[in-house]
Amino acid sequence: MKKDRLTGWLLYLLFAAVLYACLRLALQGSSLAHFDPPITHQVRILHTPSPSPTPAPDPIAAFRASRDSALAGQQHALSALAEDDTLPEDMRQLASSRLLQSAEDIRLSLLVESALAGMGYPDALCAAAGGAVTVFPGTPLGEEDGARLFDLILTWTQLPASSVRLVQSASLAK
């Protein structure tokens, strides 16, 4: 019974995140060119070296599939621990709280990725963990576009600036 209710809440959170992202995009326009808020943060875009000159057939899809599989396994394990009556109550409470944090991390990742895809960044990746997000835009960004994107991510996630990282691959840097 608890598992069905928890699964229902997780699906509800996921649906709400996707709906929220779609509504925000519909209200704000679909590209950075249409959205010109004042820049409120200084941004330093980190450039990481490319792992290999020949990319895999579709590394974005491979990463997403791997991430989703790992998160599903984590949630299944945490759910099993939270419902295990043989464990002490404090252990079950800890598993429940980590399960909720995991659901929030998934919500933030999907929110940012779907919003960025709607703005013309279909290869953007977002990794959220413990109330912090790291975003890989997937396309080259200038300083001004990076700052605007950073401000939008702060608005979408409602996280402090210290909890958001915008990382650009060295192979995309110009």
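Relevant structure appears above.
Right, let's walk through the structure included here. Because the structure is predicted, anything quoted here is derived from the model rather than measured. Residues take numbers from 1 onward in each chain, read along the sequence in its written order. Local features in a predicted model are, by the rule used here, given only for residues with pLDDT of at least 70; side-chain atom pairs are given and counted only at 80 or more, and totals for whole chains, interfaces and linings are based on all residues. The side-chain values count all of the structure's non-hydrogen atoms but skip hydrogen atoms and water molecules.

1. Brief notes about helix H3 (residues 89-118)
Link 1 in the chain: The end-to-end C-alpha distance of H3 is 43 Å, a good match for the 44 Å that 30 residues give at a rise of 1.5 Å each.
Link 2 in the chain: Helix numbering and strand numbering both begin at the N terminus, where a helix is a DSSP run of H or I of at least 4 residues and a strand a DSSP run of E of at least 2. Downstream of H3 by a residue or two, glycine 120 has a phi angle that is positive, lying close to 100 degrees. In this analysis, the expected span of each helix is defined as 1.5 Å times one less than the number of residues it contains.

2. A closer look at the packing of helix H2 (residues 59-83) against H3
Link 1 in the chain: For the pair H2 and H3, the least separation of the axes is 8 Å and the interaxial angle reads 155 degrees. As summarised for this structure, H2 and H3 are arranged roughly antiparallel, according to the angle between their axes. Crossing angle aside, the handedness with which H2 passes H3 is left-handed. Facing H2, whose interface residues are Arg64, Arg67, Leu71, Gln74, Gln75, Leu78, Ser79, Leu81 and Ala82, H3 presents Arg92, Ala95, Ser96, Arg98, Leu99, Ser102, Ala103, Ile106, Ser109 and Glu113.
Link 2 in the chain: Each residue gets one label: Ala, Val, Leu, Ile, Met, Phe, Trp, Tyr, Cys and Pro are nonpolar, Asp, Glu, Lys and Arg are charged, and the others, such as Gly, are polar. Here the contact of H2 with H3 is composed, by residue class, of eight nonpolar, six polar and five charged. An axis is simply a line fitted to the C-alpha atoms; with a helix, the fit covers only the stretch in contact. Between two such axes, the angle follows the N-to-C directions and lies from 0 to 180 degrees. Here the word oblique covers every angle except those under 35 degrees (roughly parallel), over 145 (roughly antiparallel) and from 65 to 115 (roughly perpendicular). Handedness of a crossing is defined here by the sense of rotation of the near helix relative to the far one, left-handed for an anticlockwise turn of less than a right angle and right-handed for a clockwise turn. Contact between two residues is taken to exist if any of their heavy atoms lie within 4.5 Å; hydrogens are not considered.

3. Considerations on the environment of alanine 129
Link 1 in the chain: Tracing the backbone through its elements, the reader meets alanine 129 in strand E2 (residues 125-129).
Link 2 in the chain: Using a 1.4 Å probe on the protein chains alone, a residue whose accessible area is under 20% of its type maximum counts as buried, one over 50% counts as exposed, and one in between counts as partly exposed. Alanine 129 gets classed as exposed once you look at its relative accessible area, which sits at 51%.
Link 3 in the chain: Measuring from C-alpha to C-alpha, the distance between alanine 129 and glutamate 104 comes to 8.7 Å, with 25 residues separating the pair along the chain.

So, to be careful, I would describe these as geometric facts and stop short of saying anything about function.
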